[in-house]
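Listed below are the residues making up each chain.
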Amino acid sequence: MKPIHSRSARAMIVAVAAGSLALTGCSKDSGKNAKDESKSKQDAAAQSQPVVYGTAAQSNGPAAEVPGAKPGGTINVYTQSDLSHMDPGQIYVSDAGQFANLLHRKLTNYQEDDKGNLTVVGDIATDAGKSSDGGKTWTYTLKDGIKDEDGNVITSADVRHTIERQYSKVIFDGPSFVQTWLSGSDYRKALPDGPYKGKHLPDSVLSTPDAKTVVFHFDKARPDLPQALAMAGYGIVPQKDDTKEKYDKAPKSLGPYKIAEYKSGKSLTLVKNTNWDPKTDAVRHQYVDGYNFTTTIDGPSQTKRLIADQGDAKNAIQFTDSVDPAQMQSVITNAAVNKRTIKGYQPYVWQLTFNLDRIKDKKIRDAITYALPNQRMIQADGGKYGGELAGGLFAPTLPGFDPTYDPFGKLKKPNGDPEKAKQLLKEAGFKQGTKLTYAYSNTPRGQKQMVIIKDALNAIGFDVQAKEIERASFYEQVGKVKNPYDMYMTGWGQDWSSPSTVVTPVYDGTLVSDGASNYSHINDPKVNSLIQEALVLQPEAAAKKWEEAHHRIVEEINPAAPVYYSKQIQLFGSNIGGARYSTNSSYIDINRLYLIQP
């Protein structure tokens, strides 16, 4: 999923919350008497249930009413920077993925129940998809009444256009599952200009026999297609509205809301899309009149305003930022404030990613991994409410997660093993004062992490050069193959409930390219082979292959040091109704909000 950028966690979160080095002394109330409501690995396991493919009946709208919901009013949205993208084809980061729920529609979508269980249903399609030919062929029929914000009817030609534009260089930051399944890892060569010069994929790959039908043809079974198509990155872009690069600033809506005004670096205003028909949508609602985004409010200020709960803050939510760690005790020890939080175990693993083109010696990478003070970094991100020590690169939200896996001994030495690190450096012939370039996002969390990492690595002999990157473009910059950085913190979460969506996009060596998610540039023949073997197996048999690949990646290559598994805690105002944690988005469930007093 997406960094925390996605869930596609790329799906990694570009949505980086504020940080603090310690929680002690943040409040007069030490919190000793507060009930521990932090999420555990057991909670994460409950979120790892397999996704169900729904029926045509379940795909019909309108969505089930939220108890007590009322129409009217405007919700204020607090966020600390612009969205990374608004063009659905570019969306693979969590902030933009959350935004996509309000504007963009896809062939399929996730329907979520009160327990967080997910069902794939048809979004603009009549169902989750019909497979044939042993799962190699998937057919989708479009619902009646699907229009864009201007009232133009969406046809199969728009779906074809949406898929084909992702082959072009216009799109560089979105998911690549469907393209690679259709045309291989070098998919761009199959249609280098996308659909923009009148060429198309052959009907033997993607066909549209009539205005209502879309057929995907694969060379092998692709049982996960309905889940892939439910990703924000496959949101529909109407052919006649496509403005290529400019579309990222002014996309057309098919969803319940549309853009009324966008002021770059300042604000974003959404209003109702009158051409959205609730009878066609089994997931979303349109209770409020709109959303006012303010994109200049940092994490600590968001938390302070929402704790105070005065004026406009009563109608406000945190979008993809979290409670400020320095104010955590003020939130969890105050019952009135704590009841205005949503909490959940995210699918993301924060990791210190190594650029393998620059740090080529595994002993150096292992030394850095041992030296990292993982627990200090968790404390800087909310303590037990922000995360848990990571032993590997698979999150507890994945099926078959092994809580005992800990090859670097972090459970025994949670703040690192500097002596082990120094011994490895000595064996590697390390020269004291060697420079390391560390890139970080210019957010409070990123800045706190930078200080901790810099101090820890300088202490074992490195000279860490910290390079700040604007939050909104962080993953774009570190996603360049020829980037000038040795290391960078990234967060990744599964795109759906399968290790394939972690190992394939992040560690498949055939997918090293600008804009891809293989940030370390790992290209190991054995890992690549295991990926191909696992992709064609049924889940139970595939699980063993994914585990084998995971162990090789972590223990024998180490392209990224596991740091911590991410948790979520967000605040909302007292006039916000329908708030709950979403297993799908890993944030507040934006699809069901309303104002208690409009």
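Everything that follows concerns the structure shown earlier in this document.
This text gives an overview of the structure that appears in the document. Because the structure is predicted, anything quoted here is derived from the model rather than measured.

**A few points about the sheet that holds strand β15 (residues 435–441)**
Taken in spatial order, the 6 strands line up as β14-β18-β13-β17-β15-β16 in an open sheet, and their pairing is mixed. The sheet is open, and its two edges are formed by β14 (387–389) and β16 (463–469), each paired on a single side. Averaged over all adjacent pairs, the angle separating strand axes in this sheet is 30°, with direction ignored. Strand direction decides the pairing type here: strand β13 (residues 341–354) and strand β17 (residues 487–493), joined by 7 bridges, are antiparallel. Each residue of the ladder has a partner; that of Gln351, found in β17, is Thr490.

**A few points about the environment of Thr303**
Within the secondary structure, Thr303 is located in helix α6 (residues 299–308). Look at Thr303 and you get buried, because its relative accessible area is 0%. In the structure, Thr303 is positioned 15 residues away from Gln318 in sequence and 8.4 Å away in space, judged by C-alpha atoms. When residues no more than four places from it in sequence are discounted, the contact partners of Thr303 are Gln318, Ser322, Val323, Asp324, Gln327, Val331 and Leu571.

**Structural notes on the pairing of strand β18 (residues 560–571)**
For a regular strand, the rule is simple: side chains alternate between the two faces of the sheet. The element β18 is extensively covered by neighbouring structure, given that 12 of its 12 residues are classed as buried. In terms of strand pairing, β13 meets β18 through 10 bridges, oriented antiparallel. Each residue of the ladder has a partner; that of Thr353, found in β18, is Ala560. Note that β14 and β18 share 3 bridges and pair antiparallel. Paired with Gly387 across the two strands is Ser566, which belongs to β18.

Scoring rules and cut-offs
- Residues numbered from 1 in each chain as written.
- Predicted model: local features only at pLDDT ≥ 70, side-chain atom pairs only at ≥ 80, totals over all residues.
- Heavy atoms only, no water.
- Pairing = 2+ DSSP bridges.
- Helix = DSSP H or I, 4+ residues; strand = E, 2+ residues; numbered from the N terminus.
- Axes fitted to C-alpha atoms, helices over the stretch in contact; angles between N-to-C directions.
- Buried < 20%, exposed > 50% of the residue type's maximum accessible area, 1.4 Å probe, protein only.
- Contact = heavy atoms within 4.5 Å.

No statement about biological role is implied by the geometric values presented.
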